[in-house]
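Coordinate analysis (summary)
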Amino acid sequence: MASLPFLPGNSFTDPTKTKFHLCHSLNYKNGYSVPAAYPTVGIGGERLKVNQLSEGELDKLANQKPTLTYGQARPQPPEDFIPAHKAFDKKVLMFKAYYKQTVHESPNEHYRIRPVNIYYYLEDDSISVVEPVVENSGMPQGKLIKRQRLPKDDQGNHWHWKDLNMSMNVTFYGKVFHIVDCDKFTQDYLESEGIELNGPSAMPADPYNYQRVESARLQMFKTPSDFDKLKQFLTMDRKVLRFYCVWDDRDQMFGEMRPFVLHYYLVDDTVEVREVRTPNSGRDPFPVLIGRHKLPKNRDNVESSFPAVVMELSEHEIKDWFKPADLDIGKTVYVYGRRFLLYDCDDFTRAYYAHRLGRGAMGSVDVNQAHPNLPKMEIPPYNGFGSMEDSMQNCLSLIPQPPKKDYIKMMENDHKILRFEATMDSVHPEDNNRRFIISYRLSDDMISIYEPPVRNSGIIGGKFLEATRITKPDSDPENPEFYSPADFAIGNIIVVFKHRFQITDADEYVLRYMEAHADTFPPQSQALQSFRARHGPHTDDVVKNTPVTVQRTGGDLGDLVQEVRLQLQKDNYMNHSSLREAFLWYDKDRSGKIDKSEVRNLCRRCNLPVDDDLLDALIAECDHNKDGQIDYFEFIKFLNWS
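Just so it is clear, the structure is predicted and the values come from calculations on it, not from any experiment.

1. Observations concerning the overall build of the protein
- Within the protein, the regular secondary structure consists of 16 helices and 22 strands.
- Looking at the protein alone, contacts between residues at least 24 apart form 49% of all its contacts between residues at least 6 apart.
- When the accessible surface of the protein is split by element, carbon and sulfur atoms take 52% of a total near 45,800 Å².

2. A short note on the packing of aromatic side chains
- In the structure shown here, the tally under the stated rule is 19 aromatic pairs.
- Taken together, a centroid distance of 5.7 Å and an interplanar angle of 85 degrees make the contact between W159 and F172 edge-to-face. With W159 in the loop between strand 6 (142-148) and strand 7 (168-172) and F172 in strand 7, this residue pair connects regions lying 13 residues apart in the sequence. You'll find W159 and F172 in the same group, each marked buried.
- For the pair W247 and F260, a centre-to-centre distance of 6.1 Å together with 50 degrees between the ring planes defines the contact as tilted. Of this pair, W247 sits in strand 9 (residues 240-248) while F260 sits in strand 10 (residues 257-265), and the two are 13 residues apart along the sequence.
- On the basis of relative accessibility, which here comes to 15%, the residue W247 falls in the buried class.

3. Let's talk about the sheet that holds strand 19 (residues 493-496)
- On the basis of which strands lie adjacent, the open sheet formed by six strands has the order 18-17-16-15-20-19 and antiparallel pairing. Both edges of this open sheet fall to strand 18 (462-468) and strand 19, since each of them pairs with a single strand only. Neighbouring strand axes in the sheet, compared pairwise and without regard to direction, differ in orientation by 30 degrees on average.
- Across the sheet, helix 9 (residues 508-516) lies against strand 15 (417-424) and strand 20 (499-506), angled at about 120 degrees from strand 15, the strand it touches most.

4. Remarks on the environment of H160
- The topology assignment puts H160 in the loop between strand 6 and strand 7.
- The exposure class of H160 is partly exposed, given its relative accessible area of 25%.
- Distance in space between the C-alpha atoms of H160 and D125 is 6.6 Å, their sequence separation being 35 residues.
- The contacts of H160, once residues within four sequence positions are left out, are Y120 and D125.

5. What about unusual backbone geometry?
- Phi at D445 takes a positive value of approximately 60 degrees, unusual for a residue other than glycine.
- Among the secondary structure elements, D445 is positioned in the loop between strand 16 (435-441) and strand 17 (446-451).

6. Observations concerning the pairing of strand 17
- Alternating residues of strand 17 divide into I447, I449 and E451, all buried, and M446, S448 and Y450, none buried.
- Note: strand 16 against strand 17, five bridges, orientation antiparallel. Within strand 17, the residue paired with R441 across the bridge is M446.
- Joining the antiparallel neighbours strand 16 and strand 17 is a turn of four residues, in which D445 adopts a positive phi near 60 degrees.
- As defined by bridge partners, strand 17 adjoins strand 18 across four bridges and the pair is classed as antiparallel. Bridging from a neighbouring strand, I447 pairs with T468 of strand 18.

7. A word on helix 13 (residues 576-586)
- Within the span of helix 13, buried status applies to H576, L579, A582 and F583. What you see down the axis of helix 13 is that its buried residues fit within an arc of 125 degrees, all on one side. In helix 13, the exposed positions that point more than 90 degrees away from the buried face belong to E581 and W585.

8. Regarding the packing of helix 12 (residues 557-570) against helix 16 (residues 632-639)
- The N-to-C vectors of helix 12 and helix 16 enclose an angle of 65 degrees; their axes lie 8 Å apart at closest approach. Note on element contacts: helix 16 touches helix 12 through K637, F638 and L639, opposite L557, V561, V564, R565 and L568.

9. Observations concerning the pattern of salt bridges
- Evaluation of the coordinates by the stated rule reveals 30 salt bridges.
- In this structure, K152 and D163 form a salt bridge, with 3.2 Å as the shortest nitrogen-oxygen distance. With K152 in the loop between strand 6 and strand 7 and D163 in the loop between strand 6 and strand 7, the pair connects residues that are eleven residues apart, well separated along the chain.
- Judged by its relative accessible area of 39%, K152 falls in the partly exposed class.
- One salt bridge connects R250 with D248, and the closest N-O pair in it is separated by 2.9 Å.
- Look at R250 and you get partly exposed, because its relative accessible area is 44%.
- One connected set of salt bridges, linked through shared partners, spans E123, D124 and R147.

The rules behind the values
- Residues numbered from 1 in each chain as written.
- Predicted model: local features only at pLDDT ≥ 70, side-chain atom pairs only at ≥ 80, totals over all residues.
- Heavy atoms only, no water.
- Helix = DSSP H or I, 4+ residues; strand = E, 2+ residues; numbered from the N terminus.
- Contact = heavy atoms within 4.5 Å.
- Areas by Shrake-Rupley, 256 points an atom, 1.4 Å probe, with all protein chains shown as cover.
- Phe/Tyr/Trp six-rings, centres within 6.5 Å; stacked < 30°, edge-to-face > 60°.
- Buried < 20%, exposed > 50% of the residue type's maximum accessible area, 1.4 Å probe, protein only.
- Pairing = 2+ DSSP bridges.
- Axes fitted to C-alpha atoms, helices over the stretch in contact; angles between N-to-C directions.
- Arc of directions from axis to C-beta.
- Salt bridge = Lys/Arg side-chain N within 4 Å of Asp/Glu carboxyl O.

Written as structure tokens, this is what we have:
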């Protein structure tokens, strides 16, 4: 192996090697870890034999004189080494000291004495400075300097316990601390180390605290007052003097005389001023002008040094407060610069002043002033835009509200519409043949006009007028008169926005409505005469609330079926299948016939839009054998209008 070159692939592990020890890098001496001295290795891996003795041991052997008689004396075993962090663990030197803090903002003091404790930790020569915390002192206290090694000078030296003594000044980070005393352990330790201690000194008193203690000592001998607050509370609780006053501010721009109520609470001599709210005053509802508290006569009569920015006035600053004797009828009271004239009071206040203060009958002062003549609001004339009720709301209030509706009338006449047929009365010949359907809504008296489209007429049909209330021509714009159902008689002319319409016909519902409200419509109306001429004299029976029986001959069956189909076509009724299923469900024996009373009930359940008289007449026509059985297939055939 020694003859092979030292290249990769030519080096092999020695198979005869049995020791695989690794050299350690650290040794322990006197309890501390020190770098290990690597032994010198010779050829073949064997350690060289060198002298392992130190210089001190060699000197000791050179100077040793052997004892011949008794032999060499046995040396004492060395003591075990104890590191500093274990020997001085939890051993702290404590010094009492103080420093002066300069005060610039206060006229009562120029500096403060701040006592501190200086702790010196022997295990690592670190120092911490802690100020004892005083409750409610108003100053940040506690640890001033955290535990650390404090530099002593610019050369890199640090403070040592040998540098500390009583009655001396030490400087930590530019702040001078004067040491005045130390504890018993510190004193014994320094004396055991041969340090000569100075005598202790007294902790100086803080000037501001001394002044407070002296003032408190002088106040302790103040004669106590004979005033009993508990007695006042028991006797005067819930007893309040009430004065009616006015705030006269008319000497200012836009000032006026405003009413207020002044309450004086006898239980704690506090005053409260409340505002008397009047309707339409234009002010926000703030009932309390001045909250309940003790009211000073002159708030500005305080010392100029009082910090009014951060503190409130108390009884120590203000000695003159309002009392019941300062209040009287006809007297002007100044409350924070406001003049309040007391012009009246209640009965309890009069009895209190007569019993306690001996004042006679307290009258009242008349503060009522003549009300100026306010300009009367004039309603402008109606300009024609929108409805008149809607336009009137802009004149009655600043924020317009929707006009009130007659909900009872709307509920009673809901879905009740009177339909009339009319033609246009115009000077243009092409408009004379135009047909219109005028619908009058009984719920809100609005009129809408619809023109049925006619093919190849050249005129687009559809909605002619939206639902609106229409005034009669030549009516007063301030008190307009609107069209009513009584004005829609056959042959009458209705003027709608300068368009003339002549009523030519109406539906049968109008006839029934006129007969039910005969007191509103005259019985000789042209509409009634027209319906009676077309439908017979059965209308008198409707007025008398008696059952109506329409008598028709066999030749009138075609006209009857035609009228029924017209009503079904008008409502676009196509629900014949459900009606047929209902008839089949009642026809248990599948005879094709059911009772006529069941036919009438099923038609009502299926909401068949046919008048009652026409329905009864059609059922009677379908009863060929007069046995009360109706062929419902024939009945449904009569209803099919498509």
